[in-house]
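Commentary on secondary and tertiary structure
Residue strings, one per chain:
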Amino acid sequence: MLDLLEKISSFQYHEGILSALKKQDRQIYEFIKKEYERLQSTLQLIAAENRCSRAVLAALGSIVQNKTTEGFPGARYHGGCEVVDDVEMLAVSRAKETFGAQYANVQPHSGTSANQIVLAAMLERGDKILSLGLDQGGHISHGASVSFSGKFFNVENYYVNRETFLLDYENIRSKAMAIRPKMIICGATAYSRTIDFEKFRDIADSVGAFLLADISHIAGLVIAGAHPSPINHAHFTTTSTYKPGGPRGGLILMGRDFDRKIKVEGREMILWRHIEKTTFPGVQGTPYLNNIAAKAVFFKETLTEEYKNRQFKIIENAGRLADNLLDAGYDVLTGGTDNHMILINISHLRPGMTGFIAQKCLEDCGIIINMNRLPYDEKSMKVTSGIRLGTPIVTRNGMGTKEMDRISVLIDTVLQSVNAVSNHQYEIKNSLMDDIKSKIRNLCGEFPIQ
Ligand SMILES: *Cc1c(COP(=O)(O)O)cnc(C)c1O
């Protein structure tokens, strides 16, 4: 009977997903096809993006999405959870294994939600947070005034050094001493050098603060040992799961502090239990179980040598791209990179050049990057002095240093040929644009998405 179910219902049901969509909603089906074609014919160099496997997509698009429940495996609020309990427990055990963690929570809907859960669990309204500012490379959810984190808490920032653009730990320490925050947040969206989590913990301990390490951008590198791990230094480690190449979503991990006792409203609580209570019912509702299934599939992939080797290639490719652009005269912040991303002050290329123009003209030539505000940037969010490049997707698609050489030449050709007319407008020869576009299309064609 089970065999029959396997053969007929489950198998055919899921195999037929795309054809069902095609039949029922041609418009969305065509948009999805178009998006696939866009991804296949243009170069993806956005540092915050990655590409998940077809197996991850299958789990995301599975019938598991229909299960509604609340709570955690073994303590759910609805019946019929025996299968999804297994799914979530497997996701948790694989997450713990891949990160070397004592505790994993796979329920956060996003990296932002993961941070929100930790902050809501550990802080009262008005408590002090010390974090890297948004315009310095930090994330919105680390205390920006436009986010929940900035609205409910009292946020102070630490800064990178004005000359070197590196984190200055002595400065962070003295700031922590002066402010006495309850939470220190480290981790960044725009920082291309190694982060010393051990030092951060030492600083946090010296002022009695909790340490949250948000490794969204570098989680894959941490898994592979290509960047030091914060798991046993930080009280909490959070990450988005799409940046290292999984489904969209978030993750909370804990190392040695996971079963520490804390006082919550006068009552003794175990830290990980308090995090679960804050996840549900504190911040979120029902878990996205299809997404949790997809996370489990992704975590299994991260345990392979192939995944780990790729993380080192991502760094090698980023290093090569950075070296090439430095040689071509670009102002690469910190003189290079230790991770997957490169930050460039593009306003130094020539007068009038902005991050916006660089992003737009590269996009029009089939090279997809993003503008980025740089530390101490004098230009606004909507213009910026900087651009950010990243190598996770090109590496995922099989490109190596030879291709990085080709890409650097193409980027340089575009940026040298563009003429800024205003902050937002530019001129470039149509013939050049067409030439670059077709070269990019050919290059991407050599590395099909599989
Ligand atoms: C991307 C990112 C996040 C947000 O993750 P979402 O899943 O997009 O909410 C949080 N923190 C850092 C450091 C990030 O880079």
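In short, a report on the structure. No experiment lies behind these values; they were computed from the predicted model shown.

Scoring rules and cut-offs
Residues numbered from 1 in each chain as written. Predicted model: local features only at pLDDT ≥ 70, side-chain atom pairs only at ≥ 80, totals over all residues. Heavy atoms only, no water. Near = heavy atom within 4 Å. Polar contact = N/O pair within 3.5 Å; in protein donor to acceptor, adjacent residues only side chain to side chain. Areas by Shrake-Rupley, 256 points an atom, 1.4 Å probe, with all protein chains shown as cover. Nonpolar A, V, L, I, M, F, W, Y, C, P; charged D, E, K, R; others polar. Pairing = 2+ DSSP bridges. Helix = DSSP H or I, 4+ residues; strand = E, 2+ residues; numbered from the N terminus. Contact = heavy atoms within 4.5 Å. Axes fitted to C-alpha atoms, helices over the stretch in contact; angles between N-to-C directions. Expected span 1.5 Å × (residues − 1). Buried < 20%, exposed > 50% of the residue type's maximum accessible area, 1.4 Å probe, protein only. Arc of directions from axis to C-beta. Salt bridge = Lys/Arg side-chain N within 4 Å of Asp/Glu carboxyl O. Parallel < 35°, antiparallel > 145°, perpendicular 65-115°, else oblique. Left-handed = near helix turned anticlockwise from the far one by under 90°. Phe/Tyr/Trp six-rings, centres within 6.5 Å; stacked < 30°, edge-to-face > 60°. Lys NZ or Arg CZ within 6 Å of the ring centre and 35° of its normal.

Turning next to the site of the ligand. Near the ligand, the surroundings consist of S110, G111, T112, H139, A188, T189, D214, S216, H217, S240, Y242 and K243. Between a nitrogen atom of the ligand and a side-chain N or O atom of S216, the distance comes to 3.5 Å. When isolated, the ligand has an accessible area of 380 Å², and the protein chains bury 89% of it. A per-class count over the shell around the ligand returns 2 nonpolar, 8 polar and 2 charged.

The strand order across the open sheet formed by 4 strands is β13-β14-β17-β16, and the pairing between neighbours is antiparallel. Either end of the sheet is taken by a strand with one partner, and the two such strands are β13 (331–332) and β16 (370–372). Relative to strand β17 (residues 386–390), β16 runs antiparallel, the two sharing 3 bridges. From the neighbouring strand, N372 faces β17, where its bridge partner is G386. Sheet strands in contact with helix α14 (residues 355–364) are β16 and β17, and its direction is about 175° off that of β16.

Take helix α3 (residues 26–41) next. For α3, spanning 16 residues, the distance from its first C-alpha to its last is 22 Å, which sits close to the expected 22 Å at 1.5 Å a residue. Turning to α3, its buried residues are Y29, Q40 and S41. Buried residues of α3, seen end-on, are gathered within an arc of 100° and therefore sit on one face of the element. Structural note: α3 exposes Q27, F31 and K34 on the side pointing more than 90 degrees away from its buried face. Buried-residue contacts for α3 involve α2 (17–24) and α17 (430–445).

What follows is about the pattern of salt bridges. The full count for this structure, using the stated rule, is 18 salt bridges. Between E30 and K33 there is a salt bridge; the shortest N-O distance is 4.0 Å. Pair noted here: E30 and K33 are both in helix α3, with a separation of 3 residues, about one helical turn. With relative accessibility at 28%, the residue E30 sits in the partly exposed group. The salt bridge involving R260 is made with D257; its shortest N-O contact spans 3.8 Å. Among the residues examined, R260 registers a relative accessible area of 35% and is labelled partly exposed. Through salt bridges with shared partners, a single network forms among R201, D205, D257 and R260.

Residue placement: K128 occurs in strand β5 (residues 128–132). Looking at K128, the relative accessible area reads 33%, which means it is partly exposed. Once residues lying within four places of it in the same chain are set aside, the contact partners of K128 are N154, I179, R180, P181, K182 and M183.

Interhelical geometry of helix α16 (residues 401–417) versus α17 gives an angle of 165° and a closest axis separation of 11 Å. As judged from the angle between their axes, α16 and α17 are roughly antiparallel. Viewed along their axes, α16 and α17 form a crossing whose handedness is left-handed. Two secondary-structure elements touch here, α16 through E403, R406, I407, L410, T413, V414 and S417 and α17 through L432, I436, K439, I440 and L443. Among the residues forming the contact of α16 with α17, the class breakdown is 7 nonpolar, 2 polar and 3 charged.

Looking now at the packing of aromatic side chains. Under the counting rule described, the total for this entry stands at 7 aromatic pairs. Aromatic side chains F210 and F236 sit 6.2 Å apart centroid to centroid with 50° between the ring planes, which places their arrangement in the tilted category. Highlighted residues: F210 in strand β8 (residues 210–214) and F236 in strand β9 (residues 236–240), separated in sequence by 26 residues. The exposure class of F210 is buried, given its relative accessible area of 12%. In textbook terms, an aromatic cluster arises when at least three aromatic residues are bridged by ring pairs, as seen for Y158, Y169 and F200. Residue placement shows R162 over the ring face of Y376; its charged tip is 4.1 Å from the ring centre. Positioned over the ring face of Y242 is R248, at 3.8 Å from the centre of the ring.

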